[in-house]
Amino acid sequence: MRRWMSLPLIIVLVLAILLGSGKTLADRQTANQQLAQELVEHQSYADTDPANYGYAKYIRQINDRGHGKITVQVTRNFCQLSDNDKTNVMNQVQALARMVLTENRRISKHQAARGLEATICCQKKVIGHSRGDDHYRYRW
């Protein structure tokens, strides 16, 4: 008899999860749209201010995957950079993504300080990722 008493609670929990996931998806889409807009803006500044925005020429797309994780699509030219230059580019990507995701309340300020777990891809192939112990260091 007690099993049946918990059934309404289970139904309520399942509905809360299902209904809540729509909001998360909408939030993720909004964040991804803003990431795309910011990246295009930074790319337009890259020629006139390469010291601050030059990194954007190596980036095709930044996607929020949720829970402090991003996927970064890079250009072929990115692969020609030294590991140190790749890290510098990715740290600037991190700064942009942390700003946007914090503004959209996708991550907390504490998560932003720790950095984002990044997966770096070039033409559908994973070419690097941030380290688990330090999201500002990468394995190439």
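Described below are features of the structure shown in this document. Counting from 1, residues in each chain are numbered in the order their sequence is written. Owing to the predicted nature of the model, reporting of local features is limited to residues with pLDDT of at least 70; listing and counting of side-chain atom pairs is limited to 80 or more, with chain, interface and lining totals taken over all residues. Hydrogen atoms and water are omitted, and side-chain values are computed over all heavy atoms in the structure.

1. Thoughts on the pairing of strand β1 (residues 59-66)
Alright, step 1. The pairing criterion for strands is at least two bridges between them, as found by DSSP. Runs of E in the DSSP output that reach at least two residues are strands. Runs of H or I that reach at least four are helices, and both are numbered from the N terminus. Inspection of the sheet shows β1 paired to strand β2 (residues 69-74) by six bridges, in the antiparallel sense. Counterpart to Gln61 in the pairing with β2 is Gln73.
Alright, step 2. In this antiparallel pair of consecutive strands, β1 and β2, the connection spans two residues, and His67 shows a positive phi of 55 degrees.

2. A word on the state of the cysteines
Alright, step 1. We call a pair of cysteine sulfur atoms a disulfide whenever their separation is within 2.5 Å. For the structure on display, the rule yields zero disulfides.
Alright, step 2. Not engaged in a disulfide, the cysteine Cys121 finds its nearest cysteine sulfur in Cys122; these two sulfurs lie 8.9 Å apart.
Alright, step 3. Buried residues are those whose accessible area, probed at 1.4 Å on protein chains only, stays under 20% of the maximum for their type, while exposed residues exceed 50% and partly exposed ones sit between those limits. What makes Cys121 buried here is its relative accessible area of 9%.

3. Structural notes on the sheet that holds strand β3 (residues 117-122)
Alright, step 1. Strand order across the open sheet formed by five strands is β1-β2-β3-β4-β5, with mixed pairing between neighbours. The sheet terminates laterally at β1 and β5 (138-139), the two strands that pair on one side only.
Alright, step 2. Two residues qualify as a contact provided that any one of their heavy atoms is within 4.5 Å of a heavy atom in the partner residue. Only the stretch in contact is used when a helix axis is fitted, and all axes are lines through C-alpha atoms; the angle between N-to-C directions ranges over 0 to 180 degrees. Those strands touched by helix α4 (residues 83-103) are β1, β2, β3 and β5, and its axis lies near 50 degrees from that of β1.

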